[in-house]
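Fold and contact review
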Amino acid sequence: MMTLAAGLKESTLAMMLLDIGVVLLAGAALGRLAQRLRQPAVVGEIAAGILLGPSILGLLPGHLTERLFPAEVRPLLSAVSQVGLILFMFVVGWEFEKRLIKPHAKLAAGVSLSSIAVAFGLGVALAPFLYPEHMVVAGKEISFIAFATFLGTAMSVTAFPVLARILTENRLMETKVGSLSLASAAIDDLLAWCLLAYVSALVASDGDYSSLARIGALSVGFVALMFLVVKPLVARLVWRWAAAERWPALLSVLCAGALGSAFLSSWIGIHAIFGAFLFGFVMPREPSRVLAEHLRKPMDHVSVVLLPVFFIVTGLGVDLGALTASDYVALALIILVACAGKLVGAILPARLAGFSWRESRDLGLLMNTRGLTELIILNAAVSLGVLDGRMFTMLVIMALVTTAMAGPLLSRRRPAPAVEPLAGAQPSDADDALSPTVATPAADFIAPRT
C-alpha cells in the first residue's frame with residue numbers, strides 16, 4: 001500500500017511538472033502573439049488560460065482539459081500559483097513609487113477617487129439585479145453586502161502594469177494624459193488593495209459586527225507593526241547585508257518575510273496578498289541601484305516563471321459553456337457598467353481640469369484597463385467564497401475585454417508632450433512578462449530618491 005501511495009504521489013508530481021511546462025509554453029506563445037496584435041502581453045496570458053480550460057480545449061473530444069490538468073494536480077498548481085502571486089504582490093508594494101504621484105498629486109487623486117467612486121457606485125447599483133442568481137456559492141448563501149461591495153470593488157480596478165505597457169506602445173508616456181493616468185492608476189491600485197482587505201474582513205466576520213471590529217483592530221495593529229517595527233528592522237538589515245554583499249541570504253529572508261506577512265494577514269481575516277503587498281510597501285528603496293540589480297530583478301524573474309501558472313489556474317475556472325442566455329445579457333450589462341464607471345469617473349475631473357474631450361476620453365480608456373490586478377481580486381473573491389463559477393467567468397471576460405479595448409480605441413494623433421516625463425516612468429523588459437510596476441531607469445539609481 002505504501003508503495004502504491006508513493007507511486008501515485010510521484011505520478012501526480014510528474015504531471016504537475018508537465019503542466020507547468022505546458023503553461024510556460026502557452027503563455028509565452030500567446031503573450032507574444034498578443035504583442036504582435038498591439039495588445040499587452042497579459043491579454044495573451046489570460047487567453048492562454050481560457051484556451052486550455054473547459055471553454056476551448058475542454059470542448060474537444062477526449063476530455064483533454066481533464067487529461068492535461070487532472071483533478072488531483074489542480075490543488076498543486078493552485079499552490080504554486082499562490083506562491084508566485086504572493087511574491088508578485090511583494091514586488092508590487094516594493095516598487096510603488098510616491099514620486100509618480102507627486103507632480104500631479106491633486107489632479108491624480110481627483111481622477112482616481114472620481115473613477116473609483118463612480119465605478120464602485122455603479123457596481124453596487126448593479127448588484128441587486130445579479131445577486132438573486134448568484135447568491136449561493138458552494139451551497140452557502142453569501143450576504144448581499146459582501147456581494148455588492150465586492151462587485152463595486154471589481155468595477156473600480158485599474159491595472160497599473162498593463163497601463164504602463166499601453167502608454168509605452170502608444171507613445172503616450174511623456175504626455176500629460178499618460179503621466180496623469182499613470183499617477184492616478186498608482187493611487188487606484190493602492191485603494192483597490194484596501195477595498196479588498198475590507199471585503200475580506202467583511203466575509204471573514206460573516207455578518208458578526210464584533211468579529212468585524214476585531215478584524216479591524218487587528219488590521220490596524222498589523223499595519224502599525226509593519227511601519228513602526230518591521231520597516232526600520234528591514235531597512236537596517238538591508239543596508240548591512242547589502243554592504244556585505246550577502247545577496248542570496250538577503251533574498252531568502254525577504255521572501256520569507258513576504259510569505260510570513262501574507263500568513264499574518266490571512267490569520268487576521270484579510271486576504272494574504274494584502275500582507276505581502278504591505279511588506280513590500282515598507283521595504284527600503286535605497287541603495288536603489290544595487291537593490292534593483294541583486295534583488296528586484298531576481299524577483300521579477302520569479303514572477304515570469306510562476307505567474308503564467310496563475311493565469312492557467314484562472315482559465316480553468318472560466319467555463320463559457322456554463323453560461324446561459326440570461327448570463328450573456330448580464331455579461332453585456334457588466335461590461336457596459338464597468339466601462340461607463342471608469343469613463344465617466346475619469347472624463348469629468350479631466351474636463352474640469354481643462355483637458356480637451358479627446359484627452360479626457362483617452363484618460364478614461366486608460367483608466368478602464370483592468371488586466372492582472374482584476375484577476376488577482378477575482379481569484380481572491382473565489383477563495384473567499386464570494387463568487388460562483390458563472391459570475392467568475394463573466395468578470396474574467398469583462399477584465400479581458402476592458403483591457404483589450406484600450407489600445408485600439410486610443411486617439412491615433414498624439415499630442416506633444418505637455419509635462420516633463422515622470423522620473424522612473426519607463427517600463428523595463430520585465431513588463432512583457434507582467435513586471436508589476438514601472439521600473440526606474442538605471443540613471444535614476446545613482447542619486448537617492450526624494
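Note that the coordinates shown come from a computational prediction; the quantities given were computed from them, not determined experimentally.

Details of the overall build of the protein chain
- Along the protein chain, the regular secondary structure elements total 16 helices and 2 strands.
- Among the 450 residues that make up the protein chain, the fraction classed as buried is 55%.
- Counting only contacts in the protein chain whose residues sit at least 6 apart along the sequence, the fraction spanning at least 24 positions is 82%.
- Summed over all atoms, the accessible surface of the protein chain reaches about 18800 Å², with 70% contributed by carbon and sulfur.

Looking at the pattern of salt bridges
- Using the criterion set out here, one finds 6 salt bridges in the structure.
- Note that E133 and R390 form a salt bridge whose closest N and O atoms lie 3.7 Å from each other. Taken together, the positions of E133 in helix α5 (residues 105-134) and R390 in helix α16 (residues 389-409) put the pair 257 residues apart, joining distant regions of the chain.
- Looking at E133, the relative accessible area reads 53%, which means it is exposed.
- With its nearest N and O atoms 3.3 Å apart, the salt bridge here joins E293 to K297. In this pair, E293 and K297 are both assigned in helix α12 (residues 288-316), 4 residues apart and thus about one turn of the helix distant.
- Here the salt bridges share partners, and the residues they tie into one network are E133, D327 and R390.

Observations regarding the confidence of the model for the protein chain
- Averaged over all residues, the pLDDT of the protein chain is 82; the fraction at 70 or higher stands at 87%.
- When mean pLDDT is compared element by element in the protein chain, helix α13 (residues 325-352) scores highest at 94, while helix α7 (residues 160-169) scores lowest at 76.
- In the model, residues 413-450 has pLDDT below 50 throughout and makes 104 contacts with residues more than four positions away in sequence or in other chains.

Concerning unusual backbone geometry
- Of note in this structure, R38 is not a glycine but carries a positive phi near 60 degrees.
- Among the structural elements, R38 can be located in the loop between α1 (2-36) and α2 (41-52).

Description of the packing of aromatic side chains
- One pass over the full model with this rule turns up 8 aromatic pairs.
- With centroids separated by 5.5 Å and ring planes inclined at 35 degrees, the aromatic side chains of F90 and W94 adopt a geometry described as tilted. Of this pair, F90 and W94 both sit in helix α4 (residues 74-94), 4 residues apart, which is roughly one turn of that helix.
- Among the aromatic residues, those joined into a ring-pair cluster are W193, F227, F277 and F281.
- If you follow K176 out to its NZ or CZ, it ends over the ring of F355, 4.9 Å from the centre.
- Residue placement shows R285 over the ring face of F281; its charged tip is 6.0 Å from the ring centre.

Some words on the environment of Q35
- Positionally, Q35 belongs in helix α1.
- Among the residues examined, Q35 registers a relative accessible area of 15% and is labelled buried.
- For the pair formed by Q35 and E169, sequence separation is 134 residues and the distance between their alpha carbons is 9.5 Å.

Here we look at α7
- Within α7, 8 of the 10 residues are buried, which leaves it mostly tucked inside the rest of the structure.
- Three or more residues of α7 are buried, namely F160, P161, V162, L163, A164, R165, I166 and L167.
- Residues of α7 that are buried sit in contact with α2, α8 (176-205), α14 (357-367), α15 (371-384) and α16.
- One or two positions beyond α7, positive phi appears at R171, with a value near 55 degrees.

Rules used in this analysis
Residues numbered from 1 in each chain as written. Predicted model: local features only at pLDDT ≥ 70, side-chain atom pairs only at ≥ 80, totals over all residues. Heavy atoms only, no water. Helix = DSSP H or I, 4+ residues; strand = E, 2+ residues; numbered from the N terminus. Buried < 20%, exposed > 50% of the residue type's maximum accessible area, 1.4 Å probe, protein only. Contact = heavy atoms within 4.5 Å. Areas by Shrake-Rupley, 256 points an atom, 1.4 Å probe, with all protein chains shown as cover. Salt bridge = Lys/Arg side-chain N within 4 Å of Asp/Glu carboxyl O. pLDDT = per-residue confidence, 0-100. Phe/Tyr/Trp six-rings, centres within 6.5 Å; stacked < 30°, edge-to-face > 60°. Lys NZ or Arg CZ within 6 Å of the ring centre and 35° of its normal.

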